[in-house]
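# Residue-level structural notes
Single-letter residue listing:
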2 protein chains.
Amino acid sequence: MKKLINDPANYVEEMLDGLCMAHPGLTRVGGDKRAIARTQGMRKGKVGVVSGGGSGHLPLFTGYVGEGLLDACAIGNVFEGPTINSCQDAIAAANGGAGVLCLFGNYGGDKMNFEMASEFAAMDDVQTRTVLGTDDIASAKPEEAEKRRGVAGLIFAYKTAGAMAATGAELETVATIAQKTVDRTRTIGVATSSCQIPGAAGPNFEIGDDEIEMGMGIHGEPGIWRKQLRPADALVDEMIEMLLAERPDDTRRVSVLVNSLGSTPFEELFILYRRAAEKLDAAGLTIVRPLIGPYVTSMEMGGASISLCFLDEEIESLLGAPASCPFWTVE
Amino acid sequence: MKKLINDPANYVEEMLDGLCMAHPGLTRVGGDKRAIARTQGMRKGKVGVVSGGGSGHLPLFTGYVGEGLLDACAIGNVFEGPTINSCQDAIAAANGGAGVLCLFGNYGGDKMNFEMASEFAAMDDVQTRTVLGTDDIASAKPEEAEKRRGVAGLIFAYKTAGAMAATGAELETVATIAQKTVDRTRTIGVATSSCQIPGAAGPNFEIGDDEIEMGMGIHGEPGIWRKQLRPADALVDEMIEMLLAERPDDTRRVSVLVNSLGSTPFEELFILYRRAAEKLDAAGLTIVRPLIGPYVTSMEMGGASISLCFLDEEIESLLGAPASCPFWTVE
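Owing to the predicted nature of the structure, the values given are computational and were not obtained by experimental measurement.

### Re the sheet that holds strand E5 (residues 100-105) of chain B
All names here are of chain B. Strand order in the open sheet formed by six strands is E1-E2-E4-E3-E5-E6, and the pairing between neighbours is mixed. The open sheet is flanked by strand E1 (26-29) and strand E6 (128-133), the only strands paired with a single partner. When strand polarity is set aside, the average angle formed by the axes of neighbouring strands in this sheet is 25 degrees. Judged from the six bridges that link them, E5 and E6 form a sheet pairing that is parallel. Looking across to E6, one finds that Leu101 is bridged to Arg129.

Structural data, given as structure tokens:
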């Protein structure tokens, strides 16, 4: 795979420099500068909202630092969790004296390092709470929902937690809305082609010229099935059916994210969205604030994911609150 | 190439339906519904701003219909210009009684069809003016600048013309700022991989596993050279040098667009931007409002383009005016 890069060893450093040069609202902080923080709008007394994860998923994770979203974000090497130090740096940057919510995907390394960083924060009298993204329905059955990985749907929790924190709410309240948003969000993805970690000898997985894999994770984790490519409508029907199987009884409103995993173009996302909207309408669900585009990627990986966030009044109101970061603006 | 689509014959229809379903500010209008128009904010007495072109380049062209940008857009099949009827429909939708600017890329079919549509409009007493995007420096030498194709830099003219029209300016004034923006914008792209028209038997061009092509057009038109892949910094240096060779003497400020041609991810765009910013700084140019992302694509084509818009006070002010469309928000 041809990449427009320099020495792979400098990939993350150069990427983060470019990100912050292009977006002066972001800055690199901490000892090894592997945390991204807001340069403005940080407020004393506001709960901080922090995330973190590996590189290679832009706009996730660092691209969601901004007004009404994340205050800071720890970032690791490609597909590797951030270090304990980076997590500490992000927590410190987001700390306004009212505690910090750590909101990130359910991956072992990330959990371990944020846990250690939270213990260090406690020694400095910084209170933290942790909420894990667990939206990927392909990664475990409903009875083991706590084992599920976090994928694209995590950004709904960024939005509601960020908006709640902006109201001046307490840490417990911010953590509660984040957890509720996670609990009401489900994602399923389908991969058509792989990606390659810069400097690696080859792609991170092999897939046949006519094959696709349903449920594959954003680091190439195995999915539910691998079969021949089929029409978009048939794929969407299957994906929506799986997502709606976990629909809560109490809602008739839903937000939808049709997300490119990387190289799948906007045209195809809109073709997928069209069918998804028809199916949701037929299921008696009203779509609110749909998002269509590359929001959580795996570099040049092909494919798309569909996320549903099953709304209640509180979540819907917070999703609509003003927010601004390099990749997501709500007016 | 694996595409998440249905019958290729329905590709454009389904894509346009999905686009308008996802973005209720857009609607399909005209006899064959191959024009996209704003559903709100159209004003009597305002000059209309219209564009048009083939499908397969989202966000271009239809994605730039919105407040302070385009009022309507004619859209053709993949990589084919819009029909005369679609151009007429777009002009009619954008007509607020003060005339319509037709602002599109310098391609033969598009020119011919907009010319015919403008003649029909004149019969209905709708005055039009035409300004052509000609920013692609790879497509002809400076002495033949009027032969150059329009590529990603066209969106700077969308922004200034749209902002000028929003002030209530007359058609001549809107056309003048569009032409000035085109005259002060230059683009060069580098392709790493091809794309495939839906339903076609194969990709629209062949390129070796280790090759890239400098200056290739967004429909695979031949570029300046084809060589082995080289480091990003070396590519950017060459691209910036070519762009700065046509720098006007009167400016020290520039807007930059680092654009993905499709499958090249954000990470690489930021690596390219970092070097571009360093080179522009070294050349004594201050960067204003950089844009980094997929703004003008060729579906899943790999590669990136760099556009420079050499600012004067008027262009800079108009680029900063509030605007909102599905893919570009200026607050």
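That covers the picture; the talk isn't over yet.
### Quick notes on the nonpolar core
Ranked by size, the top nonpolar core spans 103 residues in total, and within it Leu101, Leu103, Ile155 and Tyr158 of chain B carry the most contacts. Dropping the residues within four chain positions of it, Ile155 of chain B is found in contact with Leu60, Tyr64, Leu257, Leu291, Tyr295, Val296 and Trp328 of chain B. Judged by nonpolar contacts, the second largest core, of 101 residues, contains Tyr158, Ala161 and Val182 of chain A together with Ile306 of chain B.

### Describing empty space enclosed by the protein
Summed over all chains, the structure comprises nine cavities of 30 Å³ or more. Secondary-structure elements contributing two or more residues to the lining of the largest cavity are helix H7 (266-282) of chain A together with helix H7 (266-282) of chain B. With three residues, H7 of chain B is the single largest residue contributor to the lining of the largest cavity. A breakdown of the residues in the lining of the largest cavity according to their chemical character gives 12 nonpolar, nine polar and one charged.

### Regarding the layout of surface pockets
Empty space within the second largest pocket amounts to approximately 1100 Å³. When the residues that make up the lining of the second largest pocket are grouped by side-chain class, the tally is 10 nonpolar, 15 polar and 11 charged.

### What to know about the pairing of strand E10 (residues 253-260) of chain A
Residue and element names in this part refer to chain A. With seven of eight residues buried, E10 lies mostly within the body of the structure. The pairing of E10 with strand E11 (residues 286-287) spans two bridges and is parallel. Directly across from Val254, in E11, lies its bridge partner Ile287. Bridge analysis of E10 against strand E13 (residues 302-310) gives seven bridges, and the strand direction is antiparallel. Bridge assignment links Asn259 to a residue of E13, and that residue is Ser305. Pairing of E10 with strand E12 (residues 291-293) involves three bridges; the strand directions are parallel. Within E12, the residue paired with Leu257 across the bridge is Leu291.

### Brief notes about the domain arrangement of chain A
Residues and elements named next belong to chain A. Each domain of chain A was delimited in the assignment, giving domain 1 (10-180) and domain 2 (185-311). The gap between the C-alpha centroids of domain 1 and domain 2 is 23 Å. Contacts between domain 1 and domain 2 engage 22 residues on the former and 32 residues on the latter. Carbon and sulfur atoms supply 69% of the area that domain 1 and domain 2 bury against each other, a total of about 2200 Å² over both sides.

Rules behind the numbers
- All residue numbers refer to positions counted from 1 along the written sequence of the respective chain.
- Labels follow written order: the first chain is A, the first ligand is 1, and so on.
- Under the rules for a predicted model, residues below a pLDDT of 70 receive no local features and side-chain atom pairs below 80 are neither given nor counted, while totals for whole chains, interfaces and linings still include all residues.
- With hydrogens and water stripped out, all remaining heavy atoms of the structure feed into the side-chain values.
- A pair of strands is treated as paired once DSSP finds two or more bridges between them.
- Helix numbering and strand numbering both begin at the N terminus, where a helix is a DSSP run of H or I of at least 4 residues and a strand a DSSP run of E of at least 2.
- To define axes, lines are fitted to C-alpha atoms, for helices over the stretch in contact only, and angles between the resulting N-to-C directions are given on a 0 to 180 degree scale.
- Throughout this description, the term nonpolar core refers to a set of buried Ala, Val, Leu, Ile, Met, Phe, Trp, Tyr and Cys residues connected via side-chain atoms within 4.5 Å.
- Whether a residue is buried, partly exposed or exposed follows from its accessible area with a 1.4 Å probe, protein chains only, as a fraction of its type maximum: under 20%, in between, or over 50%, in that order.
- Pairs of residues are marked as contacts when any of their non-hydrogen atoms sit within 4.5 Å.
- The pocket and cavity definitions rest on a 1 Å grid over protein atoms only: a 1.4 Å probe that fits but cannot leave marks a cavity, an open set with protein on both sides within 12 Å along at least five of seven lines marks a pocket, and residues lining either have an atom within 4 Å of a point.
- Grid points are joined across faces, edges and corners, and a volume is the space filled by probe spheres set on the points.
- Classification used: nonpolar for Ala, Val, Leu, Ile, Met, Phe, Trp, Tyr, Cys and Pro, charged for Asp, Glu, Lys and Arg, polar for all others including Gly.
- As annotated, the domain borders come from an automatic or database domain assignment.
- Two parts placed together each lose some accessible area; with a 1.4 Å probe, that loss summed over both constitutes the buried area.

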